[in-house]
Structures are given as structure tokens and as C-alpha cells.
Amino acid sequence: VQLQASGGGLVQAGGSLRLSCAASGRTFSSYGMAWFRQAPGKEREFVAGISWTGGNTFYADSVKGRFTISRDNAKNTVYLQMNSLKPEDTAIYYCARSYTTGVLTDIRNFPYWGQGTQVTVSS
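Procedures and definitions
Residues numbered from 1 in each chain as written. Predicted model: local features only at pLDDT ≥ 70, side-chain atom pairs only at ≥ 80, totals over all residues. Heavy atoms only, no water. Core = buried A, V, L, I, M, F, W, Y, C linked by side-chain atoms within 4.5 Å. Buried < 20%, exposed > 50% of the residue type's maximum accessible area, 1.4 Å probe, protein only. Helix = DSSP H or I, 4+ residues; strand = E, 2+ residues; numbered from the N terminus. Disulfide = S-S within 2.5 Å. Phe/Tyr/Trp six-rings, centres within 6.5 Å; stacked < 30°, edge-to-face > 60°. Lys NZ or Arg CZ within 6 Å of the ring centre and 35° of its normal.

### Notes on the nonpolar core
At step 1: In this structure, Trp35, Leu80, Met82 and Tyr93 are the most contacted members of the largest nonpolar core, which totals 33 residues.
At step 2: Breaking this core down by element, the ones donating at least two residues are strand S1 (3–6), strand S3 (17–23), strand S4 (33–38), strand S5 (45–50), strand S7 (67–72), strand S8 (77–82), strand S9 (91–97) and strand S11 (117–122).

Given below as C-alpha cells:
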């Protein structure tokens, strides 16, 4: 399983970005996916998760109402739409695939990781 994240960049506070994560393999649609982020000097933290069908989603309180996770199983891709960005959203964003179909938030439940994409929000 290979995950390729893209879409990061530099944006002003209040702006928007859309991250994409393309997955290899035919089993993408059978597993839950999630986005995590890691800011300098901090631990990697859960941002958003989505079940295998896309029917269930879950968000960290810090991004709820601003970020939206979605997936297109026909394209083997998961997305993270980020609106109303804040400087504290600055981090490397990673997509990850879990070992089950549901929405999981614990980092230990994700055996597969993408390489990360940098998001920088200026004030």
C-alpha cells in the first residue's frame, strides 16, 4: 500500500486549501482513512477520519466546522478540504489508512502512512 499526499502550500489566515491523498492498490475502498498533522516540536495528532464508505466521519474539536474529509473510492483518493485556516493549523499533514472499515482516531491503528505535505498559514 502506498499513499501519496499532495495539495499543501502557503496560504494566508482565513484562506483555504484542499489536500488529496492518492492510494495504490485495489483494497482502498475497504478501509477507513484519516488525516493527521504534526507541528514542529509537537506530537502527531488526529485531524479527521472517514469510514470505508464515506458514510461516517469524525473530526478533532480544533478543526470541526472548518475542515471536511471526503473520499472517492473510484479514484482511490481521500480529500481534506480546509477552510478558514488559522496560523495554528500550520503543520505537516499526513494521510493514513487504518486496518479496519470504521472511523478510528488512535494513531496506533494506522499501519500505512503517506509522506506528508506541508501546510503553512501566515497571519
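Back to the write-up after that little detour.
### Focus: the state of the cysteines
At step 1: Tallied over the full model, the rule gives 1 disulfide.
At step 2: Here Cys21 engages in a disulfide with Cys95; their sulfurs sit 2.0 Å apart. Here the disulfide of Cys21 and Cys95 is right-handed, its torsion about the S-S bond being about 60 degrees. Residue Cys21 is located in strand S3, and its partner Cys95 is located in strand S9; the two are separated by 74 residues in the primary sequence. Comparing Cys21 with Cys95, the two get one shared label, buried.

### Section: the packing of aromatic side chains
At step 1: Taken as a whole and assessed by the stated rule, the structure comprises 6 aromatic pairs.
At step 2: Judged by centre distance (6.4 Å) and plane angle (75 degrees), the rings of Tyr94 and Trp113 are edge-to-face. Of the two residues, Tyr94 sits in strand S9 while Trp113 sits in strand S10 (residues 112–113), which places them 19 residues apart along the sequence.
At step 3: Ring pairing ties together the aromatic residues Phe36, Phe46, Phe58, Tyr94, Phe110 and Trp113, which thus form one cluster.
At step 4: Between Arg18 and the ring centre of Tyr79, over which it is positioned, the NZ or CZ distance is 4.0 Å.
At step 5: Over the face of the ring belonging to Phe58 we find Lys64, whose NZ or CZ atom lies 6.0 Å from the ring centre.

Purely geometric numbers; function is a separate question.
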